[in-house]
Structure formats: structure tokens, C-alpha cells
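Given next are the chains, with one letter for each unit.
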Amino acid sequence: MRKIVTSVVLLFCMIALYGQKYTPYIIITKKGERIECLAEMKKDFITYRLGPKTEKVKLYSNEVKYAASVEGDSIMLFSGIPVYTSLSQTSPTNVGWVRFLTDPRVEPVSIYVYYSTFLGQVQENYGCYRQGDEYGQNLIASNTFKAKYKETISKYFSDCPSLVEYINGDDFRLLNLTGQVKYDDFKNVVQEYNQCEDKK
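Residues numbered from 1 in each chain as written. Predicted model: local features only at pLDDT ≥ 70, side-chain atom pairs only at ≥ 80, totals over all residues. Heavy atoms only, no water.

### Let's talk about the overall build of the protein chain
Scanning the protein chain from terminus to terminus reveals 4 helices and 11 strands. Counting across all 200 residues of the protein chain, residues that qualify as buried make up 42%. Excluding contacts between residues fewer than 6 apart, the proportion of contacts in the protein chain whose partners are at least 24 apart in sequence is 45%. (Helix = DSSP H or I, 4+ residues; strand = E, 2+ residues; numbered from the N terminus. Buried < 20%, exposed > 50% of the residue type's maximum accessible area, 1.4 Å probe, protein only. Contact = heavy atoms within 4.5 Å.)

Written out as C-alpha cells, the structure is:
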């Protein structure tokens, strides 16, 4: 029963993250091709049509730089970038799609999220993407050891001394009592970095 509940929760998370069937998209491939289409996003690939009666084409997430779901004034931006799930990882992992919560085309460092399961529990994994990189870097996941999170974040933002000093201060708190990231505080850290005046 627990596995069924976990699967249902993950399914709803994925629906919220990946969108509905055949909606308008603009896709930019890693080869630089721009495709305006109707598309359906799955866990690690996207299928699209150039029109209602045209042939269906499949692209895997690792072939896509950006996929923007466009409905009215609402835009959700996804990418198939691989992700370093920890600072000790020697090569990035293909996690399927990440959804950007801030714009990577504008911000020096932007925030993404994707869903996964750990010991049967659904996790929100937050990370950062630097402009020009070919990968993302997870900074906080819900299974991060509390004692290490300041060290982890300080290392990533090490070229902004004033932010590192703040992170290592007694007043800085990014996790709640259960060890989960507080997104608003995480977003504030990234904003402070993007506006850093003493960046090396």
C-alpha cells in the first residue's frame, strides 16, 4: 500500500512538473535547432508534432537545451541538462528533465527543481545552474546531512566572500527542523549571489 501511495504522489508531482498532453512548446536542441510545436513531455523524453496531423517525433532529454511550455502568459522552462547530485560526484547524472524556477538565460546562477524518490519517499531536489555550464549542481536535497549543508553552499558560492561569510554565520538557516530546504531562503541566497558586489 505504501508503494502505491508513493507512486501516486510521484505521479502527481510529475504531472505538475512536466505538464499536460500536447501543449504548445518551443524547443531549442543542443545542436541549436529551434522547433515551435505541439509537444507532450514524459519523464526523460519529449514527443512533438509540427501540426495536428504531422508525424510524431521523439527527442530524449539529453538532446534538449531548453523546452519552453507556452500557454497564454504562462511559460514553464525545462532542460535536459545532466546534474551533479553531490559535490563529491565525479560525473553528472541524467535525471530526465529539470524545471527552472528562475530564468537561466538572464541570471548568472539560476535555480531548478526535479522530483525523485529516496527510500520510498518523494523528494524535491533543488540545485543551481551557472550560465555557460553544461550541467547543474544540486546543493540541497532532503537527504543532505545537516552538518554539511553550509560547507556545500559555501563551496559553490566561494567567489562571493560577503555571501560566504553570511552563510557561515550563526544567523544563517536554510533547512527546517526536518532537514528540508526552505525554498524562499534558498532563492534569497541565489539572488544575493547574482547581485554580489565583491565577486572575485
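### Observations regarding helix 4 (residues 183-194)
Look at helix 4: 16 Å from first C-alpha to last across 12 residues, which is about the 16 Å you get at 1.5 Å a residue. Turning to helix 4, its buried residues are Phe186, Val189, Val190, Tyr193 and Asn194. For helix 4, the buried positions fall inside an angular range of 135 degrees around the axis, keeping them on one side. (Expected span 1.5 Å × (residues − 1). Arc of directions from axis to C-beta.)

### Regarding helix 2 (residues 149-156)
When you tally the buried positions in helix 2, you get 6 out of 8 residues, the bulk of the element. Listed in full, the buried residues belonging to helix 2 are Tyr149, Lys150, Thr152, Ile153, Ser154 and Tyr156.

### Notes on the packing of aromatic side chains
What the rule picks out here adds up to 7 aromatic pairs. Plain terms: the ring middles of Tyr156 and Phe157 are 5.1 Å apart, the flat faces sit at 85 degrees to each other, and that makes the pair edge-to-face. Taken as a pair, Tyr156 and Phe157 share a single burial class, namely buried. Aromatic rings pair up to connect Tyr66, Phe100 and Tyr129 into one cluster. The lysine or arginine in question, Lys58, covers the ring of Phe45, its NZ or CZ lying 4.2 Å from the ring centre. Of note, Arg130 hangs over the ring of Tyr156, and the distance from its end group to the ring centre comes to 4.3 Å. (Phe/Tyr/Trp six-rings, centres within 6.5 Å; stacked < 30°, edge-to-face > 60°. Lys NZ or Arg CZ within 6 Å of the ring centre and 35° of its normal.)

### Considering the nonpolar core
Within the largest apolar cluster, 19 residues are counted, with the highest numbers of intra-cluster contacts made by Cys128 and Phe157. Going through the elements one at a time, strand 9 (109-118), strand 10 (121-130), helix 2, helix 3 (161-167) and helix 4 are the ones with two or more residues in this core. It is helix 4 that contributes the most residues to this core, 4 residues altogether. Among all residues touching Cys128, those that are not within four sequence positions of it are Val109, Ser110, Tyr112, Gly136, Gln137, Leu139, Tyr156, Phe157, Phe186 and Val190. Listed in part, the 13 residues of the second largest apolar core include Ile27, Cys37, Met41 and Tyr48. (Core = buried A, V, L, I, M, F, W, Y, C linked by side-chain atoms within 4.5 Å.)

### Describing the confidence of the model for the protein chain
Taken residue by residue, the protein chain gives an average pLDDT of 79. The fraction at 70 or more is 80%. Mean pLDDT per element in the protein chain: helix 1 (residues 2-18) is the minimum at 43, and strand 4 (residues 57-60) is the maximum at 94. Here residues 1-19 is a poorly scored stretch, pLDDT under 50, and it has 25 contacts once near neighbours within four places are set aside; other chains count. (pLDDT = per-residue confidence, 0-100.)

### Observations concerning the pairing of strand 5 (residues 64-71)
Where strand 1 (residues 23-29) meets strand 5, 5 bridges bridge the pair, whose relative direction is antiparallel. If you follow Ile26 over to strand 5, its bridge partner there is Ala68. Bridging between strand 5 and strand 6 (residues 74-79) involves 5 bridges; their strand directions are antiparallel. For Ala67, the partnering residue across the bridge sits in strand 6 and is Phe78. (Pairing = 2+ DSSP bridges.)

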